[in-house]
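Observations on the three-dimensional arrangement
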Amino acid sequence: MTATAASPATTRQDSKVSDEQPRSGRSFALTLSVLAVLLVVSATAAVAIGSVRVPPGQVWGIVTHAVGLDWADPVWSRARETIVLDVRAPRVLLGAVTGAGLAVVGTAMQALVRNPLAEPYLLGVSSGASLGAVVVIVFGVTLFGAVSLPLSAFLGALATLLLVYATARAGGRVTSVRLVLSGVAIAAVLTALMNVLLLISERGNEARAVLAWTLGGLGGVNWGTLWLPAVALALGIGVLLVQARSLNLLLAGEEAATTMGLDVARFRARMFVLLSLVTGVLVAAAGPIGFVGLILPHLVRLFVGGDHRRVLPTAALAGAVFLIWADVAARTVAAPMEIPVGVLTALCGGPFFLWLMRRDARRKTEEGVA
Amino acid sequence: MTVSSSDLTVDGVTLSAGARRLVQDISLTARPGEVVGLVGPNGSGKSSLLRAVYRVLRPDSGTVRVDGDDAWSLPVRRLARTVAAVVQDGAADFDLAVREVVAMGRTPHKRLLDGDTAEDTRIVESCLASVDAADLADRPFDRLSGGERQRVLVARALAQRPSLLVLDEPTNHLDIRHQLQVLGILRALPATVLVALHDLNLAAYYCDRLYVLSEGLVTASGPPAEVLTPGLLGEVYGVAGEVTPHPRTGAPQVVFLPEERVPAGSA
């Protein structure tokens, strides 16, 4: 091997050239642009669709008018403006934020526990967050004001994630079987605890509302409750993107990651806190919505490969689009009744999970390490 | 960026896993540019000792020094710019292209938001070419054969531009041609190399010095010709064998003699 040292000057000069990565770079940019356009179109359509149909042009008319731009004549009724601005727009935005957040959390979780089946819902992390939230609701804790609920959901998520990980890990390895089984078992216990709390709670009406929320739904959101999930998402994506290289290293294995300069234990601990925070806040806002964090990362990897610098932003956009449409379906398929969106994502996600499991089994058999 | 060679000094290292003692009071040195081999039966502590050097298994006592610095006191990333390793640790099921796997080796030289430069691309490609894997660059890593993977992992370690390279059985899964090729590359590197090997003949041919481990202790050390003796084969491996200098290479050559076929009187 000829190991010639290049001067720093050439390195810096050439960095521009190589930013256009030959193969995946172009398809990545294309995928991102297509998804960004799709996101805007989807959000517009989702606001337009419903029991009262609003023409897409008018959706933008109302929205731009509301932010003080007089691009369109305000010919719409007051009721319509309320539907668009106060009911549908925040709901669609929450859907986008939640979908993006869950997809990103799922992506990172799969790298951190080094297992393709990891996802906040399957690992019981969402159940932990739900239990945390229900405790606050049932006991009426208001110690920390409006953030009591998300805070408690975050703590529930973190405790569950640590517990599931510790249970599934043996001899430095986390196998799919142990991971999913401990996730399922711990989620069952947490859900049972939550149901007990709801049953013995004296606030009967609230219990019913909470029960609906535990199925995952985006209804009932308003502008006042939207900011926290949005901030959590921005924080989550920001930090994860900065750490994308480190997430990549984990794909090589823990020991190998260490030899390439990653302090694995410390990194994982920090990331667990971050992922629990995002999951907790999202669950507090939208209930536990399953499988988004499983489906989207894997679909996205088919298009842009496994490098987290590409997977994370792509999964975020795709997750947003996915959950927006899942919610449109939830609102419309059985109108005027509303199906919890979590039920719909589970309908898609369950079969996907099975397919993924079979695919992994097939690959392992081919490699002769079954 | 310079490619140089480091000095490794392992002094009195004891390692354990829970209550089980893995290696006991081992001292070892590798001088700059040397290729030092670790040999010994399975479970003799070779991998454990290597793990202490690449900073995964913390010694109970003793020190690992690289160029005089305590490896366990340096920040992980700092050490990774000097020491690279090829470890025995399965990769997960994620779709990374081979060139992306090799590019990982550049990570310790990067700050948080640095992109990949043309220099990185060049290094990745030259490292792939040096293990005869240039044509694999765009293949998905998890679809490669065992031998192809192993060569790519060696390329990844080379991409770190280490001055000390630690390898745990790098010839596993490789066919003979690639075994020779990989060891030839290590031999030609300016870096210091510490390598655990199964095959005594390869070890004898490619290493400057050998350490023989047995049940967590160093049984013998020195140049291959001094270390590899029939007595040692009997003591450490429990087998009979003959060692003769190879007529052309001069390297000691080990031939094992299964007991039932030892001709009468030759033992």
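Our subject is the structure that appears above.
Starting from 1, residues in each chain are numbered consecutively following that chain's sequence as written. Chains carry letters and ligands carry numbers; both start at the beginning, A for chains and 1 for ligands, and go up in the order they are written. Two thresholds apply to this predicted model, a pLDDT of at least 70 for residue-level local features and 80 or more for giving and counting side-chain atom pairs, whereas whole-chain, interface and lining totals are computed over all residues.

All names here are of chain A. Axis definition: a line fitted to C-alpha atoms, over the contacting stretch in the case of helices. Angles run 0 to 180 degrees between N-to-C directions. Per the convention used, a helix needs a DSSP run of H or I reaching at least four residues, while a strand needs a run of E reaching at least two, with both numbered from the N terminus. The contact between helix 5 (residues 125-138) and helix 6 (residues 148-168) brings their axes to 7 Å, and the two run at 140°. Of the two elements, helix 5 crosses helix 6, and the hand of that crossing is right-handed. Judged by residue contacts, Val125, Ser127, Gly128, Ala129, Leu131, Gly132, Ala133, Val135 and Val136 of helix 5 engage Ser148, Leu149, Ser152, Ala153, Leu155, Gly156, Ala157, Ala159, Thr160 and Leu161 from helix 6. In this classification, Asp, Glu, Lys and Arg are treated as charged, Ala, Val, Leu, Ile, Met, Phe, Trp, Tyr, Cys and Pro as nonpolar, and every other residue, Gly included, as polar. Residues of the contact of helix 5 with helix 6, tallied by class, amount to 12 nonpolar, seven polar and no charged. Each crossing gets its handedness from the near helix: less than a right angle anticlockwise from the far helix is left-handed, clockwise is right-handed. Throughout, a residue-residue contact means that the two C-beta atoms, derived from backbone geometry, are no farther apart than 7 Å.

For the rest of this paragraph, the subject is the sheet that holds strand 1 (residues 8-17) of chain B. Residue and element names in this part refer to chain B. Read across the sheet, four strands follow the order 2-1-4-5 without closing on themselves; strand pairing throughout is antiparallel. Two strands close off the open sheet at either side, each with one partner strand: strand 2 (20-30) and strand 5 (69-70). With two bridges joining them, strand 4 (residues 61-66) and strand 5 adopt antiparallel strand pairing. Looking at the pairing, Val66 lines up with Asp69 of strand 5. The strands touched by helix 1 (residues 46-53) are strand 1, strand 2 and strand 4; relative to strand 1, the strand with the most contacts, the crossing angle is about 120°. The criterion for strand pairing is that DSSP finds at least two bridges linking the strands in question.

This paragraph deals with the sheet that holds strand 3 (residues 35-39) of chain B. Residues and elements named next belong to chain B. The strand order 6-7-8-3-9-10 describes an open sheet built from six strands, whose pairing is mixed. Each edge of the open sheet is held by one strand with a lone partner, namely strand 6 (83-86) and strand 10 (217-222). Across the sheet, the axes of successive neighbouring strands diverge by a mean angle of 15°, strand direction being ignored. Of the strand pairs in this sheet, strand 7 (residues 164-168) and strand 8 (residues 192-196) are connected by five bridges, and their pairing is parallel. Looking at the pairing, Asp168 lines up with Ala196 of strand 8.

Now for the packing of helix 9 (residues 223-242) of chain A against helix 12 (residues 264-286) of chain A. Each pair of packed helices can be described by the angle between their axes along with the distance between the axes. All names here are of chain A. Running from N to C, helix 9 and helix 12 cross one another at 155°; their axes reach a closest spacing of 9 Å. One element, helix 9, and the other, helix 12, form an angle in the roughly antiparallel class. Judged by the twist between their axes, the crossing of helix 9 over helix 12 is left-handed. Contacts from Thr225, Leu228, Pro229, Ala232, Leu233, Gly236 and Val239 of helix 9 reach helix 12 at Leu274, Leu277, Val278, Val281, Leu282 and Ala285. Residue classes in the contact of helix 9 with helix 12 are distributed as 11 nonpolar, two polar and no charged. Angle categories: roughly parallel below 35 degrees, roughly antiparallel above 145, roughly perpendicular from 65 to 115, and oblique for all the rest.

Only buried Ala, Val, Leu, Ile, Met, Phe, Trp, Tyr and Cys residues enter a nonpolar core, and they are joined through C-beta atoms within 7 Å. Note on burial: count the other C-beta atoms lying within 10 Å of the residue's C-beta; 20 or more is buried, 12 or fewer is exposed, in between is partly exposed, and C-beta positions come from the backbone. In terms of nonpolar packing, the biggest core is built from 193 residues, with Val53 and Val102 of chain B touching the most fellow members. Top contributing element to this core by residue count: helix 4 (residues 78-112) of chain A, with 16 residues.

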